[in-house]
Amino acid sequence: MQIQNYINGQFVNPISDSWLDNYNPANGEVYGKIPNSDIADVEKAIEAAELAFKNWSKITLEERGQILLKISELILANLQSLAEAESKDNGKPVSLAKEVDIPRAASNFKYFANAITQFSSEAHESIGHNAVNFTLREPLGVVGCISPWNLPLYLFTWKIAPAIAAGNCVIAKPSEVTPATAFLLAEICKEAGLPNGVLNIIHGLGSTTGQAIVAHQKIKAISFTGGTKTGAHIAKVAAPMFKKLSLELGGKNPNIIFADCDYDKMLATTVRSSFANQGQICLCGSRIFVEHKIYEKFKTDFIQKVSELKVGHPSKEETQIGALVSQQHLEKVKSYIDIAEKEGGKILYGGNKVEVANFENGYYLQPTIIEVNSNQCKLNQEEIFGPVVTIMRFETDKQAIELANDTKYGLSATLWTNNLNRTMQFSKQLKTGIVWVNTWMLRDLRTPFGGQKESGVGREGGFEALRFFTEQKNLCIKYN
Ligand code: TXE
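Peer 1: If you had to explain the packing of aromatic side chains to someone new, which residues and values would you point to?
Peer 2: Using the criterion set out here, one finds 11 aromatic pairs in the structure. Where F11 meets F183, the ring centres are 5.5 Å apart and the plane angle is 80°; that geometry is what we call edge-to-face. Of this pair, F11 sits in strand β2 (residues 10-12) while F183 is found in helix α6 (residues 180-191), placing the two residues 172 residues apart along the sequence. Using a relative accessible area of 25% as the deciding quantity, one classes F11 as partly exposed. Take F183: its relative accessible area is 9%, and that puts it in the buried class. Taking the centre distance of 5.1 Å and the plane angle of 75° together, the rings of F258 and F394 count as edge-to-face. In this pair, F258 sits in the loop between β12 (254-257) and α9 (263-275) while F394 sits in strand β16 (residues 388-394), placing the two residues 136 residues apart along the sequence. A single burial state applies to F258 and to F394, both of which are buried.

Take a look at the structure:
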């Protein structure tokens, strides 16, 4: 697949005519080229976006909404081909892309097409002063959206949809590791009648293309999802320009399991929250803490269930765990498994690369369970972002809360219990942006999504996203 930039409604090659290889993680082969864009391409896109903004920011919400709904419909109409493209680019099972990634991308556009018609702002009557105040929420202008490789179209559209619904024009950069569905989305937007220049998609490396977007004076806000280190760098570059920033970063999420939970439901969900998408979701519960009363039983049952997971080629219907996204990422994840014993851990299951017949050069890894006896080891403190979880026992509620909060991250937590008081105690004390009780990754798009501590700044989702992509202006009118 030869990918091009999408600027001002046109598919174009990078000005420098420089290209990057795109790999298929399932077989380790190069299957396409992507633009290695630089500042010159970004400049062109900004020019187009600034021009488009004049009209896009003024057309009625109904018109904007209609176009977003059309994009949503076209994504669903292309469900199969988009799911296959996502899988080929990322290594995730086609079945997962078809069930989760692509439908969610459609929902993102549908949700914000409707949300913008319900978005409102405040009015304040200044009683005694004969004055009324009301707030305008105006689009920012040209904004930047930078997304990662783990949920490519899902997260790309999660940023673009609210940005354009609110009347902005966008310079968007998908991850260079997974550019395919962003390219296909451009075709869909064209077909849906999105005016030229409203969405511009530039492909390339983070250090050049991404950096050019973040550092550009004319880009008013950056919505970014990716690694915590990259987020810190982006914040440093953007701060002197006083850009608005939304940063969704890493996680090292606790999955806290009490003996009084609904055991079977917990076990099935824990397998998913540990290994869905090869464990490459910032919300995966990678630190499992189990109450001592059921620790041994859980250990046995969990190992059994995980051993039944099918690792294989992503296009096979029975595959539950596909390939990791890249050779480099596979090596990173494996390096944590390699230090497990030195860190006081014991590998209970997995730990090895998997050779899938006919696809020996693919990036496959066994789902891996490591028993640890301290939360201070690297395995529990650093984001591995792969099919690797640790398990550890705890004795008391107090200890469980301390263990859960003992990390620099604070994205999400999962709690399994049927005790209401405990639910409330934990929910209040956990230092995370999201707490799931007796479920995992149940998402309502109206809710604020984001993390505390080094998991990020700001919230996406619902009206929070529309607030982020608009600037408030207070109007005060005095009357006699
Ligand atoms: O992410 P990067 P990487 C975590 C996970 C993973 C680690 C590194 O632990 O192992 O981060 O992954 C763009 N200016 N997460 O290196 O680099 C980049 O091109 C502007 C968690 O792949 O953060 C891509 O589009 N942009 C995470 C995006 O940032 C820059 C999901 C993310 O890439 C840039 C992914 C720069 N200087 C990784 N440098 C989550 N929160 O879900 C890079 N980029």
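Peer 1: Account for the sheet that holds β16, naming residues and giving values.
Peer 2: Taken in spatial order, the seven strands make up an open sheet running β14-β15-β16-β13-β12-β18-β19, and their pairing is mixed. A single partner strand is all that each edge strand has here, and the edge strands are β14 (346-349) and β19 (434-437). Across this sheet, the average inter-strand angle for adjacent strands is 25°, counted without regard to direction. Sheet analysis places strand β13 (residues 287-291) next to β16, joined by five bridges and oriented parallel. Paired with E291 across the strands is F394, a residue of β16.

Peer 1: Which residues make up the side chain of K243, and what values go with them?
Peer 2: When you line up the elements, K243 lands in the loop between α8 (228-238) and β11 (244-248). Within the buried core, K243 has no salt-bridge partner, and the shortest N-O distance to an opposite charge, that of E43, equals 11 Å. A polar atom in the side chain of K243 sits 2.7 Å from the backbone oxygen of V214. Engagement of the side chain of K243 in a polar contact is seen with the backbone oxygen of I219, the distance being 3.0 Å. Not counting residues up to four positions away in its chain, the partners in contact with K243 are I213, V214, A215, H216, I219, K220, I222 and A238.

Peer 1: Tell me what's going on with the environment of V12, and back it up with residues and numbers.
Peer 2: Turning to its location among the elements, V12 is positioned in strand β2. In this structure, V12 is in contact with Q4, N5 and I7, ignoring residues within four places of it in sequence.

Peer 1: Summarise the site of the ligand; cite the residues concerned and give the values.
Peer 2: Neighbouring residues of the ligand: 28 residues in total, closest W149, E176, T230, K332 and E383. Q211 has a polar side-chain atom sitting 3.3 Å from a nitrogen atom of the ligand. Backbone polar atom of G227 to an oxygen atom of the ligand: 2.9 Å apart, as the coordinates give it. Burial of the ligand by the protein amounts to 85% of the accessible area it has alone, namely 810 Å². Residue assignment for the shell around the ligand shows that the elements contributing at least two residues are α7 (206-215), β10 (221-225), α8 and α11 (327-338). For the shell around the ligand, the residue count by class is 10 nonpolar, 13 polar and five charged.

Cut-off values and rules
Residues numbered from 1 in each chain as written. Predicted model: local features only at pLDDT ≥ 70, side-chain atom pairs only at ≥ 80, totals over all residues. Heavy atoms only, no water. Phe/Tyr/Trp six-rings, centres within 6.5 Å; stacked < 30°, edge-to-face > 60°. Helix = DSSP H or I, 4+ residues; strand = E, 2+ residues; numbered from the N terminus. Buried < 20%, exposed > 50% of the residue type's maximum accessible area, 1.4 Å probe, protein only. Pairing = 2+ DSSP bridges. Axes fitted to C-alpha atoms, helices over the stretch in contact; angles between N-to-C directions. Lys, Arg positive; Asp, Glu negative; His and termini not counted. Salt bridge = Lys/Arg side-chain N within 4 Å of Asp/Glu carboxyl O. Polar contact = N/O pair within 3.5 Å; in protein donor to acceptor, adjacent residues only side chain to side chain. Contact = heavy atoms within 4.5 Å. Near = heavy atom within 4 Å. Areas by Shrake-Rupley, 256 points an atom, 1.4 Å probe, with all protein chains shown as cover. Nonpolar A, V, L, I, M, F, W, Y, C, P; charged D, E, K, R; others polar.

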